[in-house]
Every structure is written in C-alpha cells, then in structure tokens.
Amino acid sequence: MRRRRWPVADPNTTPYVGRAMKRIEDPRLIRGEGTYTDDLRLPGMVHAAILRSPHAHARIRKIDTTAAKAIPGVVAVLTGADVNASCGLVPCAAAIPDLKAPKHTVLAGDRVYFVGHAVAVAVASDPYIARDAIEAIDVDYDPLPVVTNAEDAVKIGSPLTHPDLGSNVAYTHNVSGGGNIDEAFRKADRIVKHRLYHQRLTPMPIEPRGVVASYHTGEGTLTLWTATQIPHLIRTLLPGMIGVPENKMRIVAPEVGGGFGAKLNVYPEEALIAHLAMRLHTPVKWIESRRDNAAATIHGRDQVGEYEVAVKNDGTILGLKSKTIADLGSYLQLLTPAVPTLTGLVLTGCYTIPAVKMEIVGVYTNKMATDAYRGAGRPEATYLIERLMDVVAQELKIDRLDLRLKHFPAPGDFPFPTSCGLVYDSGNYAAALTKAKQLANWDQLLKDRAAARAAGKLSGIGVSTYVEICAMGPSKAMPAGGWEWGCVRMEISAKVTVITGVSPHGQGQETTFAQIVADRVGVPIEDVVILHGDTSVAHYGRDTYGSRGTAVGGTAIVMCIDKMIAKAKTLAAHLFETTSDHVVFENGRFTSPGVTNRVITWPELAGEFYVAKNLPPGLEPGLEASSFFEPQNFTFPFGTHICAVDLDRDTGHVKITKYVAVDDCGPQINPLIVEGQVQGGIAHSIGQVLFEQTIYNEDGQLVTGEFMDYAIPRAHDIPDYILGSTVTPSPINPLGVKGVGEAGTIGATPAIANAVMDALEPLGITHMNLPMTPEKVWQAIKTKT
Amino acid sequence: MKLTLSSTVPADPSRVFAALTDPEVLRRTIPGCETLTATGPDAYEATLKIGVAGLKGTYTGKAAITDQRPPERLTLSFEGKGGPGFVRGSAAITLTADGDATRVDCAADVHVGGLIAAIGSRLVDAAARKLADDFFRQIGSALP
Amino acid sequence: MFPAHFDYVRPATVEEAVKLLAKHGDDAKLLTGGHSLIPAMKLRLARPQVVVDIGRIANLSYIRETGGAIAIGAMTTHADIEASKTLRDKSPLLAETASHIGDAQVRNKGTIGGSLVHADPAADYPASILALDAEIDVVGPRGKRTIKAVDFFVDLLQSAVAADEIVTEIRVPATAKTVAYVKTEQKASGFALAGAAVVIGPGGVRVGITGVAATAYRAAGVEKALAGQTSLTPDLIARASAQAAAGVDALGDIHASPEFRAHLAQVNTRRAIEKALTRA
Ligand SMILES: Cc1cc2nc3c(=O)[nH]c(=O)nc-3n(C[C@H](O)[C@H](O)[C@H](O)COP(=O)(O)OP(=O)(O)OC[C@H]3O[C@@H](n4cnc5c(N)ncnc54)[C@H](O)[C@@H]3O)c2cc1C
C-alpha cells in the first residue's frame, strides 16, 4: 500500500475533531499490553473444554463420562442432562410473526443437529487435562439424515433438521411497498430476471470467543468476562437463563479482538461457564479454539435469490420482485431470523423504484446458525440491486452509470421516503459518483479497457453506488431499544472521565470520543479517558453493532457535555456574581465580558464543585452528567466504489488493478479511522468476491474449519486503494455523523463482482456465483472459448 | 465420499474370499489392526491404529460382512470412532478371476466426520486409497 | 489447541539423536522447525510420546560449495536458503523456491530437512529437489546412506527416510541461471495447488511438479518432448508443457478439482520454462 500523507495539524489552533490522529488505544494493543479474556488469571481458576459433535445430525444414544472423570485433575464432566435445566434456553431476540423455533439448550439434549454442537463439558485444573478429558468421553451416536442445502431443505421429502417442527421452513416473510407491483410488471416493456447467490462466510475475528466467570457465593454476585460486542445486552438476557438477577451481575468485555457481528450474540457458553462457576464455587475459564470458532460461532450470509425487475425500454425501472431463501443453519441465535429481513429494508438501494415486493423464506439446515456479519442484510441487498442494475443496463444496452443516475433521488428530495418504508435522511448520490469517476480517471479507465480488450485481454470495470443503514437505531425499530447512554464527569483534578454504553472492539472510539470531548470541554486530549465495556462502570448501554457507536453513543456524550457545561456555567455565574446567561464558555475558559475580567478555568471550577464550600443554593456538588440519546431515525451513508480488474485467461486469477472508493459518512471526526474502517471493509469484500467460502460437504461436515482451508485476505491481496469522500451531514444527530463500520463491505462486494462480470461480458458470460474463484473463472472462460 | 479401487491379489478367488472372511488373516492384514475379535458370525470388533505417516489415530469400532456370495462378492460395513473423528460406511467387494490371480474391485461409500473430515478431503481420500492398497497387498502376501 | 502429553528431549549430537530414536521407536518424533509437526500435535493428529528436538544441533545448518555441488545442512531454515548468496550465484532454484514458502515467520523457523521428510504433497521444495536431481544424506542406526531425489518421495506424507533415520545434508548441483519455480497458491494455506520447477541445462530440461498428486514427481512427458531440442520455441514449449500431468492421478479437493490442478501444472510448467529462458 502506498503511504498516505495526512496534513499535520497545529495542536494549538486546530480542533481535535477532523484530525487524522493515530488511535489512542493502539500502542497498548501493538505492544501486547492489552488484557484480553484469555489474559485473565483468577485465583483458583479452572479450565473448561467443550466436546462437540462430529455428526451433522444424530441421536445421542448414550454418553459415558466415567473414563473422563477418572483422569487426575478433572474437576467435573457434565452433559446436557446435568446442566440444561439450570441454564435456560439460548435467546433469540428477533420478533418474526409465525416463527417456528427449536428449543435451543446450552448443551445438546438427546439429539445433535450440526457439526460443532456442544455435547458435554469437562472442567479441569489446566486446559490440557480438560482436553484429555473431553477426548475420553464416549458418546454413542446414531446418525440421522442430513440436509445442508437450503433450496433442497424446502423440497418435499427433505430430511428435517428439526423433525418436531414438521418442516425446515422457519418463517416466510413478505414485504411489499410503494405502488402496485402487479401493475408495475404489467406496464413493463421487459422483465429482467437474475439469480444471485451469497455464499456462507465465517467472520473469523482474530480473537476467538472466550469466557471467564467468577461467582461470589456469599454475595450471590456473578462477574462474567466475555469477548463480546454486547456486554449490556448479555446482562439483560443472561439473568433469565441462569437465575442471577441483573443487579447482581456484572458483565465485562475486556479488550476484544474483533467481532464483525460474530460477537453480537448471547452464546450458550456464556450461560454454561457462568453456571459452572456457580456450581463448582470456583472461577472457570473457557477459551474457544480456532476450529471451534469456525464451527460454533455464527456464520454470515448464505442466501440465494431469484430477482425480477420490471423496466421500460428507456431504462425506467417500474418495480422489483425478489424471492430469497435464507439459510438460517440449525437453530436461532440472537438475531438469526432478523438478518435476512434487513435485506428487505434497503432492497431499492439508492434508487427511486416505485414498487417492490419481497419474499424471504428462512430455512433450517444442519449447519451452524447464521446471524449478523459485517453489514448484516445490507451487503446482500446492495449486491443484489447493484448486480441487477448492471444486468438491466446490459440487457437494454444503456450505460450503467446513466441508468443509476436516472434513478438517484436529487439532493433536494431528502428526506427521501423509499418504497421499502424507510426515510433516507440526507444524500447527494451523484456527487459521490462524480467524485469517484474523477479519482478513478474514468475516461482513461474506459480507454485502457478498450485497449486491453483489443489486445485480447480480459479486462473489466465495476461500479457500485450504495446506500446503507447505520446508527442503529430508533428504539421502535430495534428489538431491545436503540438508544444510547453516556456519562461525562469532570474529576476534582479537572481530568475528564467519559463513560459510554457502546462497547468498542476495534472501532477506535477511545480516540474519536476523546476528540469530541477534548474540543467541546476544552481540555487537552491527554486529560480525557473513555471507559466502556464493563456494566459496573457503564451502567446502561446498547453496545456496539450496526455502525452505531459514534452517531448514537457519541451523541449521548455530546448531550452530557452540554449538561455539564450548563451546570458549570451556573457555578461560574455564582462566582462572577452574575447570572448564567452572562457567562461565556469557550475553549475551556469561563468569562463574563462586561461583568468582570476574571477568567475561570476548569481546575478552579472543578475544585469548587467537589470541595463544595461555595456553591449557590440548590446547586448539587459534583460535576457529572449522564444522558440517554434516542435517535429519531437511522442514518444513511452512501458512496460509489469503482474497481478495475484484469483476468488471467490461463489460470482464472483476478487481479484488481485499480480500486477507488468515495464514501460519505457525514463529517469525519477522524479521517484516519474512517479510512481504516473503509480499508478493512473493502478487504472483507475482496475475500467474499474472490475466494472466501464456508463449505459443508454433503454429510454436513465443515471442511473449512481452519485457516488452512478457509481463505481470508492477506496483505498482498489488497490493492493500493484510492479513497475519497464527500460530506453530507445527517440531520438526525448534532454531530451530523452517519457511521462507517460496514460501508466498505457493503459498497465493495458489488463493485468487485461487477468488474469481474464486466471482464467476462465479451465472452457472453452473464452469471457466476460468489466466490469468483480462479477455477470458476477458468471453467467459465473454457466453456465459451 | 465414494471410492472405487481395484487391486490384484495373486491367488484364486476362493482363497481370496476365504482370506477376506477369516478373522485371523484380517487381523494380520488390515493396516494398523491391533485387536480383532469376532462378536458373532461375520461380525467383529476391532481396534485400529491408522492414518498416514506420523498422523495416526486409534479407532475402535465394529465391522460386519454381509451379502456373501462366495467366491464372488461380499459387502463389508464398518463404523469406527476415535480421537480424530469417526469413519463409517460400506464397501461392496467383487472378486473376479484374472488368470491365476484375482481382481478385487471395491466400491466404497465412506463417511468421515470430525477432525479427519475437516482437515481436508484431499488427504482423507488419498489416505483411504493408500490404506486399501496396503490391505490388498498384505492379503496377497499373507496367502500361503 | 492443546497437544496431548509428551516428553521432550534435546540431544546435542546426531549420534545421540539416532540412539534416542532407536530407543523409543515409533513413539518418538524428531522436531526441527516445528512448523509441520507442532500444528499436527496441536490438533492431536500427531501424538508422539517423545519429542526429540534436533533443531539446535549446531553443525547441521550450513550452505557450502563442495566440488560441483552445494551442500546444505538439513537444519538450514527456508530464510537462510532464500537469502544465500552461494545458492543465488551457483544454484538459484532452491533459493527462489524457498521465497515462495509460507510467510516470513514460517521461513525463519521451518527447515529444509523437516519439509522434505514431512513430504507434504503440496510443499514447494519437492518440485525443485526433483528438478535439481538432488541427493539427500541420512544417518541411522545402520550408518549413513544417500538417497536420490527420484527415490525420496515415496507416498502421501511419506519419504524414503525411515523412522529411525535423520536427514543430515542435501546436495544440489551447481546450475546455470536458467531455472525457475512457478507456483499457484492454494488461497487459504499458501501451499502449492500446482508448482513447477524447471532446470534448463546442457543435458536437457528437467521438470519437477508439486501439489498435483499424492507426491511430487518428475514430469517425464515434458522432459521427453524437449529432449535433444536445440531451440525451445513457444510452440514447442506449449506442446511439451501439455504433458505436465500426463498419466498422473491428480488430487481433487475443495480448493481445486483434479482437472484444474492438472491444468495449472501445464500452465505453470510452460511459464516456468519461459521464465527460465529469460534468465539465460
Ligand atoms: C502457516 C504455515 C504455512 C506454510 N506454508 C508453506 C508453503 O507455502 N510451502 C511449503 O512448502 N511449506 C509450508 N509450510 C510448512 C513449512 O515449510 C514447514 O516448516 C516444513 O514443512 C517442516 O519443516 P520444520 O523444520 O518446521 O519441521 P518439523 O515440523 O519440526 O518436522 C516435520 C517432520 O519432519 C521430521 N523431521 C524434521 N527434521 C528432520 C530431519 N532432519 N530428519 C528426519 N526427520 C526430520 C519431523 O519428525 C516431522 O515428522 C507452512 C507451514 C506453516 C505453519
């Protein structure tokens, strides 16, 4: 990658917000000084290992734990029969009408239904012995028929993932919006049809999951450290599982090494390890192995759909119909059935499409559950609409950019109500497209492609113009509330302690929030500390997912700062012997022009607040404010990605020769962090389009359970990105920010896939499933030449 | 996983058939066989230490011989499990006279699970072929 | 990823190591760089009772000229081979091959002896070892013997080195600069889906192929098609390379079908020959 040089800001004159600052959290992480769950060592701590099913579907005839229990150092060996009654059911928070849900116990009951299903747990004095113990457990399985393909699973006569449910269909969800869809299709000159497949993906955070639980028998209090994105939601949901009341439960998310949605969940192990600590009266640690992470931590995507677009010959799109089969895996995790329905929310992308109809069928198969994975629902929708735009343009022989531009709402059309029922907050889609074309040197790119093609090469250009949903979200649209909480406290020493209810795990909010606070409170950034991820510190919160941290959590902090400054002004006014409305606050200094020349700074004021000898009547001591922010809408970031590729005819390899992304996430608090998020997001897409894929064989065996077989992008797969931005503030929050955690992944997948398909177009190849691996590309070329 | 293999054993079909159904011969010829005991007519329990090169695992399991039509055909069904996972399946074995020797054709349907399935079918497939080859070679040399 | 229990011994000399192997038999396993053995132990696919760490035996890591050949100590790391000036000057194929192995960490720890004995069907060195017609010295209870490259790779994950023997030295001939190794990586592991190593010399063209079959092999068809040819035209190279997987039982898995592996063997053979010729 080329090194991008950022302007060096003069710290005395430039505000922190807007500066490309390096992340405050990085030095400790880079030096190995962060404390992850596996770094915790508590006195008397024992270690758990989980025995997982090697069968995709089987009845458990018998489990014999005698030999395992006899191993010296083994503390306990327990099965579902021992623990399930005390651990409750693993929760699913998605409210879908008529949802058929299997009972999801912490350990398997008399049946396992996917490879990796937890069957028994062994606890021992060290993790080696714990592994020896699970090896010594003898399970007698009676294999049952397996179904691993969602399209097969809906056919009559398919093996059933849950025989007691009578069908593999978990739900059918219909959405329609805008005008009359039948009429739209009747009026069309042409119906363009396409089928698209979104492969299953493994999120692969670099840190697998892990849990440490400690129970204080005397107090009846439980502390649970877990590698999670959502300590607060766990504190809401775990009490119902293990019977410790919420106010006696402390959940800590220590340093968390990536989540990508995979840690936006309440997992069986969180209840199980808590239960073991209570049962055994000693702290228990469980750390997931990479293999277990691949098998028993949620997967993403796995949807296949048939789509139809009703168009006029001039390219006007009248309507869109979609029928999607979503593979849910074998049971429901926290949001499993909801994720495919998110696709329905942005199906129309950034276009005016007057009528839509979508049917989503959620299906059970003998695989790990799918759930929210980076972008959750929006990458699926964006890939779908952006591929379709290209297919329509190609069939009608019109320019694909013109087709897009023709359907963009104009900047004056915002707030823009869509046929899918959302109201997009703000946007200028054409501006992002224009800027991306400019950065890509579009005309030259077209010339280069023409020259390459003339020379017999396979060269392609792909574009995607996307809009997505961030800042989740208004509580009415979120299963467990979408508000966020924050607290800002000025200590007696004038240091600022900020507590946020979001739970960053790589997003860099220790830096961005400190930038916001330092500017607004008028203190050096070194004096600001951001605390998060511990429910005993951050009492309330809705955590981190759906690109909500800054837009929702940051806003709660801004509200706190405003309250704190208002309170500080009351005291300043008292000291100036005037009224608050005559106090001016600027850059950390309180003055009262025309009243006095005196300047009061934070150290003086903070001292007064805590010494509390000179407070006006009615003013409480202490300088702290907390706030809940309830957003009135989501935010809708957007952008344009352009990708150019060359294909190797002989080997099918795709080489990205140019990558341009223009993302509009509103004002950027820290452009360096924004760029990092976009870069990482595009890397995810490179993986998804070109090689990543979670594969179960026909027996339901997971054959991509290791980095030896599951390909994630490496540094040398990443081209030299050209990144730019436009800035369209959101009216939804005072910062105007939108969110950028998932944008890269949402915008990039269709751009790269469209580029590959564009390269293949001269050969008459119009369809290829993701991932577009060298072998698939080679096979496609071979059949056409 | 479907596997088809063939091998030539230097003995006539009836002797090969007899060997394939003789626990004593089987114990000596099955690669990595540590114990083999008959639990009934044509039903066995066995412990095998198998794998490729240094990557060996110990499996315990059952095997049964059915559909016997001496000296032409038999079906072997097996299931075994061990630390690295499980193996189960069946193999239809046909014997055809080929001069002084016997051509042994084996069509197996093998299901593997757990770690052995996960570490890559490439190795499992090749390892299964190798084990079968070794077995038939051993049978050949075990025959007097 | 916690291995099963094992004992650890660290002999100071090859002789001592040979004795330990003789004593523990099948229960013992040699350890050098640990980059094949330890992953297998962590998965509990390999469970030696005794690990005999020979990685620190001092005098087994070297690269030196001996007559017309270059001798490489078995415990020389991939990184040292990659960086060796002697090899780059006198026999560059192995250094080029080493640069394709894994990443920097793997190359800093993994050794040529360990890689060869492990005999992974997708490892990189075997192609070059075959194309170079290398010789491998082993020491065991029966003394020392030399194995020729063509006899070395016996089967899947199985070399001609017996369980009680230790590889001590690999010798490759000095060659011209007209050598090349071209590899298509398996995307996840970085090992070879198909790797072709080519040595073009006065005696003809030798081609080693890895990743395609259960063991690496010499592409006899290609070599024959090019034998005695004075002018290697693009057309001739293409025709000869088409034989790169002829008669070979190609492996198939989720990463590549047998057909694609065989095809890549052909493409990479052609590209390796072309590349080698540009170095003339
Ligand atoms: C992430 C990763 C990526 C990799 N990528 C590649 C790749 O792209 N290409 C590639 O070719 N390889 C790759 N490898 C494998 C790597 O090259 C190993 O280092 C090598 O295969 C084994 O060498 P070692 O010294 O580490 O041997 P060890 O792991 O210590 O031993 C391997 C085997 O050889 C035996 N052994 C070791 N030394 C001797 C000796 N002197 N005499 C007799 N027996 C001995 C051991 O007992 C053991 O059975 C990769 C490995 C990893 C972990």
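All values reported here derive from a predicted model rather than from experimental measurement.

**Structural notes on the overall build of chain C**
Helices and strands together make up the secondary structure of chain C, namely twelve helices and 14 strands. Taking 19 Å as the expected radius of gyration for a compact globule of 280 residues, we find that chain C reaches 19 Å, a close match to that expectation. For chain C, the C-alpha atoms occupy an extent of roughly 60 × 45 × 35 Å along the three principal directions. Taking all 280 residues of chain C together, 56% fall into the buried category. Considering only residue pairs separated by 6 or more positions, chain C has 62% of its internal contacts joining residues 24 or more positions apart.

**Digging into the overall build of chain B**
When helices and strands are counted, chain B shows four helices and seven strands. Each helix and strand of chain B, ordered N terminal to C terminal, gives the series β-α-α-β-β-β-β-β-β-α-α. For chain B, the spread of C-alpha atoms along the three principal axes comes to 40 × 30 × 25 Å. Per-residue burial over chain B gives 47% buried out of 144 residues. Of the roughly 6600 Å² of accessible surface on chain B, 54% is carried by carbon and sulfur atoms.

**Examining empty space enclosed by the protein**
To find the voids left in a structure, one rolls a probe of water-molecule size over its atoms. One pass over the structure, following the stated rule, counts nine cavities of 30 Å³ or more. Estimates place the volume of the largest cavity at around 1200 Å³. Contributions of two or more residues to the lining of the largest cavity are made by strand E1 (2–9), strand E3 (43–52), strand E4 (55–69), strand E5 (73–82), strand E6 (85–98), strand E7 (101–113) and helix H4 (121–142) of chain B. The dominant element in the lining of the largest cavity, judged by the number of residues it contributes, is E4(B), at nine residues. Among the residues forming the lining of the largest cavity, the class breakdown is 39 nonpolar, five polar and four charged. Quantified by volume, the second largest cavity comes out at close to 80 Å³. In terms of lining residues, the second largest cavity is bounded by 14 residues, among which His104(A), Phe114(A), Ala118(A), Pro268(A) and Tyr331(A) are the most central. Broken down by class, the residue content of the lining of the second largest cavity amounts to seven nonpolar, five polar and two charged.

**Remarks on the sheet that holds strand E13 (residues 204–210) of chain C**
All names here are of chain C. An order of E11-E12-E13-E14 is seen for the four strands of this open sheet, with the pairing classed as antiparallel. Looking at strand neighbours, the two that pair on one side only are strand E11 (179–185) and strand E14 (217–218), the edges of this open sheet. Of the pairings in the sheet, the one linking E13 to E14 comprises two bridges and is antiparallel in character. Looking across to E14, one finds that Ile 209 is bridged to Tyr 217. Lying on the sheet, helix H12 (residues 258–278) is in contact with E11, strand E12 (192–201), E13 and E14; it crosses E12 at an angle near 35 degrees.

**Some details on the interface of chain B and chain A**
On the side of chain A, 13 residues touch chain B, which itself brings 13 residues to the contact. Contact between chain B and chain A buries roughly 1000 Å² in total, counting both sides, with carbon and sulfur atoms accounting for 49%. Of all residues in chain B, Lys81(B), Phe86(B) and Ala118(B) bury the most surface against chain A, accounting for 41% of the area lost on that side. Between Asp138(A) and Lys81(B) there is a salt bridge; the shortest N-O distance is 2.8 Å. For the side of chain B that touches chain A, the elements supplying multiple residues, two or more each, are E6, E7 and helix H3 (115–118) of chain B.

**Some words on the site of the ligand**
Residues and elements named next belong to chain C. Near the ligand, the surroundings consist of 29 residues, among which Leu 30, Gly 34, His 35, Thr 111 and Asp 124 are the closest. Measuring from an oxygen atom of the ligand, one finds a backbone N or O atom of Gly 34 at 2.7 Å. In the environment of the ligand, an oxygen atom lies 3.3 Å from a nitrogen or oxygen atom belonging to the backbone of Ser 115. In the complex, 91% of the free accessible area of the ligand, which totals 960 Å², lies under the protein chains.

**Quick notes on a nonpolar patch on the surface**
All names here are of chain A. On the surface, a cluster of nonpolar side chains totalling about 250 Å² of accessible area is made up of Ile 492, Tyr 610 and Val 611. Mapping Val 611 onto the fold places it in helix H17 (residues 602–611). The class for Val 611 is partly exposed, based on a relative accessible area of 44%.

**Looking at the packing of aromatic side chains**
Counting across every chain of the model gives 20 aromatic pairs over all chains. Ring geometry for Phe634(A) and Phe636(A): centres 6.4 Å apart, planes at 80 degrees, overall edge-to-face. Assigned by exposure class, Phe634(A) and Phe636(A) land together as buried. Residues Phe152(C) and Phe153(C) carry aromatic rings whose centres are separated by 5.0 Å and whose planes lie at 75 degrees to one another, so their mutual orientation is edge-to-face. No difference in accessibility class separates Phe152(C) from Phe153(C), as the two residues are buried. Connected via pairs of aromatic rings, a cluster forms that spans Tyr351(A), Phe408(A), Phe414(A), Phe416(A), Tyr424(A), Tyr429(A), Phe634(A), Phe636(A) and Phe638(A). Its guanidinium or amino end placed over the ring of Tyr267(A), Arg209(A) lies 3.7 Å from that ring's centre, counting from NZ or CZ. We note Arg64(C) situated over the ring of Tyr62(C); from NZ or CZ to the ring centre the distance is 3.8 Å.

**What to know about the sheet that holds strand E21 (residues 528–531) of chain A**
Residues and elements named next belong to chain A. Reading across from one edge, E21-E20-E19-E25 is the order of the four strands in this open sheet, with mixed pairing throughout. What marks the edges here is a single partner per strand, and that holds for E21 and strand E25 (624–629). The mean inter-strand angle of the sheet, taken between neighbouring strand axes irrespective of direction, is 15 degrees. Most of the contacts of helix H15 (residues 509–521) go to E21, to which it runs at about 135 degrees, and overall it touches strand E19 (484–490), strand E20 (496–500) and E21. Lying on the sheet, helix H16 (residues 549–576) is in contact with E19, E20 and E25; it crosses E25 at an angle near 140 degrees.

**Brief notes about the domain arrangement of chain C**
Residue and element names in this part refer to chain C. Taken as a whole, chain C is organised into domain 1 (7–53), domain 2 (58–173) and domain 3 (179–278). Overall, the association of domain 1 and domain 2 removes approximately 1000 Å² of surface from exposure, summing both partners, and the carbon and sulfur fraction of that is 78%. At the junction of domain 1 and domain 2, the tally comes to zero salt bridges. The tally of links from domain 1 across to domain 2 stands at one residue pair in polar contact (both at pLDDT 80 or more). With four residues, helix H1 (residues 14–24) is the single largest residue contributor to the side of domain 1 that touches domain 2.

**Here's the deal with the environment of Met490(A)**
Here Met490(A) shows up in strand E19. In contact with Met490(A), not counting residues within four places along its chain, are Lys495(A), Val496(A), Val521(A), Val523(A), Met564(A), Trp602(A), Ala606(A), Tyr610(A) and Leu623(A).

**Things to note about the environment of Leu21(C)**
All names here are of chain C. Following the sequence through the fold, Leu 21 ends up in helix H1. Measuring from C-alpha to C-alpha, the distance between Leu 21 and Tyr 8 comes to 13 Å, with 13 residues separating the pair along the chain. For Leu 21, the residues in contact, after removing those within four places along its chain, are Ala 28, Leu 30, Ala 163, Asp 164, Glu 165 and Ile 166.

**Comments concerning the nonpolar core**
All names here are of chain A. Ile 242, Tyr 659, Leu 760 and Met 772 are the most contacted members of the largest nonpolar core, which has 149 residues in total. For this core, the leading source of residues is helix H19 (residues 743–760), giving eleven residues. Once residues within four sequence positions are removed from consideration, Tyr 659 is found in contact with His 641, Ile 642, Cys 643, Ile 682, Pro 719, Asp 720, Tyr 721, Ile 722, Gly 747, Ala 748, Ala 751 and Ile 752. In this structure, Ala 556, Val 583, Ala 606 and Phe 629 belong to the second largest nonpolar core, which totals 51 residues.

**Digging into the interface of chain A and chain C**
In many reports, interface size means the accessible area that the parts give up when they come together. Contact with chain A, which involves 29 residues of that partner, is made by 25 residues of chain C. Counting the surface lost from both chain A and chain C, the interface buries some 2200 Å², and carbon and sulfur atoms represent 55% of this. At the boundary of chain A with chain C, the tally comes to eight salt bridges. Of the charged contacts, one joins Asp132(A) and Arg44(C) as a salt bridge, the two residues approaching to 2.7 Å between their closest N and O atoms. Applying the counting rule to chain A against chain C returns 15 residue pairs in polar contact (both at pLDDT 80 or more). Those elements giving two or more residues to the side of chain A that touches chain C turn out to be helix H4 (127–135) and helix H20 (774–784) of chain A. Among the residues forming the side of chain A that touches chain C, the class breakdown is eleven nonpolar, six polar and twelve charged.

**Quick notes on helix H11 (residues 234–241) of chain C**
An α-helical turn contains 3.6 residues, so any two residues separated by three or four positions project in the same direction. All names here are of chain C. Considered for burial, the residues of H11 that qualify are Leu 236, Ile 237, Ala 240 and Ser 241. Along the axis of H11, the buried positions cluster into a sector of 125 degrees, meaning they face one direction only. Opposite the packed face of H11, turned more than 90 degrees from it, sit the exposed residues Pro 234, Asp 235 and Arg 239. In this fold, the buried residues of H11 make contact with helix H10 (220–226) and H12.

What counts as what
Residues numbered from 1 in each chain as written. Chains lettered and ligands numbered in written order. Predicted model: local features only at pLDDT ≥ 70, side-chain atom pairs only at ≥ 80, totals over all residues. Heavy atoms only, no water. Helix = DSSP H or I, 4+ residues; strand = E, 2+ residues; numbered from the N terminus. Rg over C-alpha atoms; globule rule 2.2 N^0.38 Å. Buried < 20%, exposed > 50% of the residue type's maximum accessible area, 1.4 Å probe, protein only. Contact = heavy atoms within 4.5 Å. Areas by Shrake-Rupley, 256 points an atom, 1.4 Å probe, with all protein chains shown as cover. 1 Å grid on protein atoms, 1.4 Å probe; cavity = no way out; pocket = protein on both sides within 12 Å on 5 of 7 lines; lining within 4 Å. Points joined across faces, edges and corners; volume = space filled by probe spheres on them. Nonpolar A, V, L, I, M, F, W, Y, C, P; charged D, E, K, R; others polar. Pairing = 2+ DSSP bridges. Axes fitted to C-alpha atoms, helices over the stretch in contact; angles between N-to-C directions. Buried area = accessible area lost by both parts, 1.4 Å probe. Salt bridge = Lys/Arg side-chain N within 4 Å of Asp/Glu carboxyl O. Near = heavy atom within 4 Å. Polar contact = N/O pair within 3.5 Å; in protein donor to acceptor, adjacent residues only side chain to side chain. Patch = residues over 30% accessible without salt bridge, like charges linked within 9 Å, V, L, I, M, F, W, Y side chains within 5 Å. Phe/Tyr/Trp six-rings, centres within 6.5 Å; stacked < 30°, edge-to-face > 60°. Lys NZ or Arg CZ within 6 Å of the ring centre and 35° of its normal. Domains from an automatic or database assignment. Core = buried A, V, L, I, M, F, W, Y, C linked by side-chain atoms within 4.5 Å. Arc of directions from axis to C-beta.

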